[in-house]
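Chain by chain, the residues run as shown.
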Amino acid sequence: MSISVQNYIKLANFYNEMSRVLSAICVEKGGIALENYVGRFFAADVLEYIVEYGNRLKKSGAQIDKSVLDAMNLFEKQFEKVKNLVTPNQKPIYEMSLEEFEKIMNI
């Protein structure tokens, strides 16, 4: 996937939809708090990826609308709150190859 604003928007939309689904799952499981749901770790990993993608997009010099920049800033603020939940490893998930990721996840 080449770095582009369009791809960033797709990732942001995916994260927003996933957040709605995670909330619905928590409600269906008896109203458990999101911070007690095991899926919060995956959500933190996805958010980490989106923030890093946004940083690389900014560094690439691409033309980015103000609304997208605002979204990037919002995701960065959200990530600061959950960065202690990301999957620990020697290499950030967004720098791993598929083979490395599968090995870490024991797939």
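In this text the structure is predicted, and so the values were computed from the model without any measurement. What you see as residue numbers is a count from 1 along each chain, following the sequence as written. Local features in a predicted model are, by the rule used here, given only for residues with pLDDT of at least 70; side-chain atom pairs are given and counted only at 80 or more, and totals for whole chains, interfaces and linings are based on all residues. Heavy atoms throughout the structure, all of them, feed into the side-chain values; hydrogens and water do not.

**Points about helix H2 (residues 40-59)**
Stage number 1. Relative to the 28 Å expected for 20 residues at 1.5 Å per residue, H2 spans 29 Å between its end C-alpha atoms, a close match to the ideal helical length.
Stage number 2. Type-normalised accessible area, obtained with a 1.4 Å probe on protein chains alone, sets the label of each residue: buried when under 20%, exposed when over 50%, and partly exposed for intermediate values. A run of H or I in DSSP counts as a helix once it spans at least four residues, and a run of E counts as a strand once it spans at least two, with each numbered from the N terminus. Along H2, the residues classified as buried are Ala43, Ala44, Asp45, Val46, Leu47, Glu48, Ile50, Val51, Glu52, Tyr53, Gly54 and Leu57.
Stage number 3. Contact between two residues is taken to exist if any of their heavy atoms lie within 4.5 Å; hydrogens are not considered. In this structure, the buried side of H2 is in contact with helix H1 (5-28) and helix H3 (66-82).
Stage number 4. Gly61, located one to two residues past H2, shows a positive phi value of around 85°. One less than the number of residues in a helix, times 1.5 Å, gives the span that helix is expected to have.

**Details of the packing of H1 against H2**
Stage number 1. With axes taken as lines fitted to C-alpha atoms, and helix axes fitted only over the stretch in contact, angles between N-to-C directions fall between 0 and 180 degrees. The N-to-C vectors of H1 and H2 enclose an angle of 160°; their axes lie 10 Å apart at closest approach. In terms of orientation, H1 and H2 fall into the roughly antiparallel class. Pair H1 / H2 crosses with left-handed handedness. The segment H1 lies against H2, with Val5, Asn7, Tyr8, Leu11, Ala12, Phe14, Tyr15, Met18 and Leu22 engaging Phe42, Ala43, Val46, Leu47, Tyr49, Ile50, Tyr53, Gly54 and Leu57. Orientation labels follow simple angle bins: below 35 degrees gives roughly parallel, above 145 gives roughly antiparallel, 65 to 115 gives roughly perpendicular, and whatever is left gives oblique. Should the near helix be turned anticlockwise from the far one by less than a right angle, the crossing is left-handed, and should it be turned clockwise, the crossing is right-handed.

**Here we look at the packing of aromatic side chains**
Stage number 1. Stacked, tilted and edge-to-face pairs are distinguished by plane angle, under 30 degrees for stacked and over 60 for edge-to-face with tilted covering the rest, among Phe, Tyr and Trp rings (Trp via its six-membered ring) whose centres lie within 6.5 Å. Counted according to the given criterion, the structure contains 4 aromatic pairs.
Stage number 2. On the basis of an interplanar angle of 70° and a centroid distance of 6.5 Å, the ring pair of Tyr8 and Phe75 is categorised as edge-to-face. Of the two residues, Tyr8 is situated in helix H1 and Phe75 in helix H3; the sequence distance between them amounts to 67 residues. In this structure, Tyr8 and Phe75 share a single accessibility class: buried.
Stage number 3. Ring plane angle 85° and centroid distance 5.6 Å describe the contact between Tyr15 and Phe75, whose orientation is recorded as edge-to-face. Highlighted residues: Tyr15 in helix H1 and Phe75 in helix H3, separated in sequence by 60 residues.
Stage number 4. For Tyr15, a relative accessible area of 10% puts it in the buried group.
Stage number 5. Each residue in the set Tyr8, Tyr15, Tyr49, Tyr53 and Phe75 is aromatic and connected to the rest through ring pairs, giving one cluster.

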